[in-house]
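# Coordinates in review
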Amino acid sequence: MRAILLALAVIAAAAPELGWAQSKSGTKAPANETRYFTAIDGLMDGNADVILKETRQGKTVTAATLDVCYPVAKNSDRKDRFVVSLTVNGQTLTGATQSNGAKEPVTVKLNRKPTGDTFEFRGQITIGKTVTEVASTDNSDVSEKEFQESQSTDDGINAQPKDFTDVSPEAVSVRLKLDAVTDFLKSLKGENVEVSLPSLIVSCDALRAGEQTISMTVDPDRAGALIAKARATNGVVTVGWTAGTVEMDRTIRFAAADWRDGDKINRDKLAGAISDVLARTYNAKPTSAVWNPVTGKLKLTLKRPSQLMPSLELTDVIEVTSLVSADKPGGADALMLWISSPTTTTVDEASSAKLILSDESSGDEEGDTRDDGGAIDELAKVFKAKRWDADNSVWK
């Protein structure tokens, strides 16, 4: 008996060392890793925005989620989306759900095949009664870090800009929760606010984030009030100024005192001064100056005899758009003036029979700027203004 007890004691003493040796020599299980496919080529005629998320242990897929955003109809800007958790059975991924918007039944069956450094997917996705065949090759995956970096977006909204050198005084954007967008837009009906039509499109990014950005143009004098109103609206995430019309290389800054009547800008005086400068610069006669009551922009029209073929007595019609505002939100001491590049159209204004002309180059950028003639420098002289030094980010 004593011999048996002694033998057991020896085994017990050796057990920790034996266990350590087995642990040291054993193979460690691979850690879980998340990988993403941010495209599956050819799905829904190439119009679907796809994210396939896979959780892997080594090369074995243990879980997968498919997120597909797609047009509700061919050539439609309106989108629907479904997200489905897939059952993994070897290299087969299957699942069922319904779409978020139309509530249509969705079934997914995909066969996944590694092909070197890429992957091949084949199978079917059925939405309602529509069956989409999947046959996609050469698909690459990315890491969690790479995926998150690709998803980060900047809508450019600045709620409290120090001035209007990085954002434009007439350009306002508001980011809202999706379920608040319609009510917000309805509240703008009858208001002097111009809403960007493309911003009404609910993108796939917006569907996934649950937030949409609406872009607007408003008279700079009313922009602050619009932002304050939006800020107090339910469902608003953020609101402020953003990039817009103003380009700093075509902008001057000058003292406001001579161009105000009380707290209002003297627009008639400004329009007259700008027209006089452009008339001299372009050797043309001002014919109209119209302020847009919604956007606050000034449209100037000038005319001059065309030199293209003097014997035809044609007329050059020059149009320039201008915007005037305080140089910063709530500012009163200085004004900014931006003018667009001029656009010139040559027409026959004869009182009798006219020559019908077409200008196929009118959309060219070079054609728009050919009559600029140093107008910005001339305006800076008349208004005793500074111009923007982009290299040093200062007015000079």
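Coordinates for the structure precede this section.
A few points on the structure. Just so you know, these numbers come straight off a predicted model, no measurement behind them.

Glancing now at the sheet that holds strand E10 (residues 168-177). Ordered by their spatial adjacency, 4 strands build an open sheet running E11-E12-E10-E13, and the pairing between neighbours is antiparallel. Each edge of the sheet is formed by a strand with only one pairing partner; in this case those strands are strand E11 (194-195) and strand E13 (236-242). Direction of pairing for E10 relative to strand E12 (residues 211-217): antiparallel, over a ladder of 7 bridges. The residue bridging Ser173 from the neighbouring strand is Ser215, located in E12. Sitting on the sheet, helix H5 (residues 220-231) is in contact with E10, E12 and E13, with an inclination near 170° to E13.

Moving on, we get to the environment of Gly373. Note that Gly373 resides in the loop between helix H7 (365-369) and helix H8 (375-382). The class of Gly373 is exposed, set by a relative accessible area of 58%. Sequence separation between Gly373 and Arg280 is 93 residues; the distance between their C-alpha atoms is 9.9 Å.

This paragraph deals with the pairing of E13. The side chains of a regular strand alternate between both faces of the sheet. Within E13, 5 of the 7 residues are buried, which leaves it mostly tucked inside the rest of the structure. Here E10 pairs with E13 via 6 bridges, running antiparallel. In the strand pairing of E13, Val172 is matched with Trp241.

With that out of the way, let us pick up the pairing of strand E4 (residues 79-89). Note that strand E3 (residues 60-71) and E4 share 8 bridges and pair antiparallel. Pairing of Val68 across the sheet is with Phe82, part of E4. The antiparallel pairing of E4 with strand E5 (residues 92-98) creates a hairpin that spans 2 residues between the two strands, and Gly90 there sits at a positive phi of about 65°.

Taken in spatial order, the 9 strands of this open sheet run E8-E7-E6-E5-E4-E3-E2-E1-E9, and their pairing is antiparallel. Here the strands that pair on one side only, and so sit at the sheet edges, are strand E8 (130-139) and strand E9 (142-143). Where strand E1 (residues 32-37) and strand E2 (residues 49-57) come together, 6 bridges link them in antiparallel fashion. Within E2, the position partnered with Thr34 by the bridge is Thr55.

What counts and what doesn't
Residues numbered from 1 in each chain as written. Predicted model: local features only at pLDDT ≥ 70, side-chain atom pairs only at ≥ 80, totals over all residues. Heavy atoms only, no water. Pairing = 2+ DSSP bridges. Helix = DSSP H or I, 4+ residues; strand = E, 2+ residues; numbered from the N terminus. Contact = heavy atoms within 4.5 Å. Axes fitted to C-alpha atoms, helices over the stretch in contact; angles between N-to-C directions. Buried < 20%, exposed > 50% of the residue type's maximum accessible area, 1.4 Å probe, protein only.

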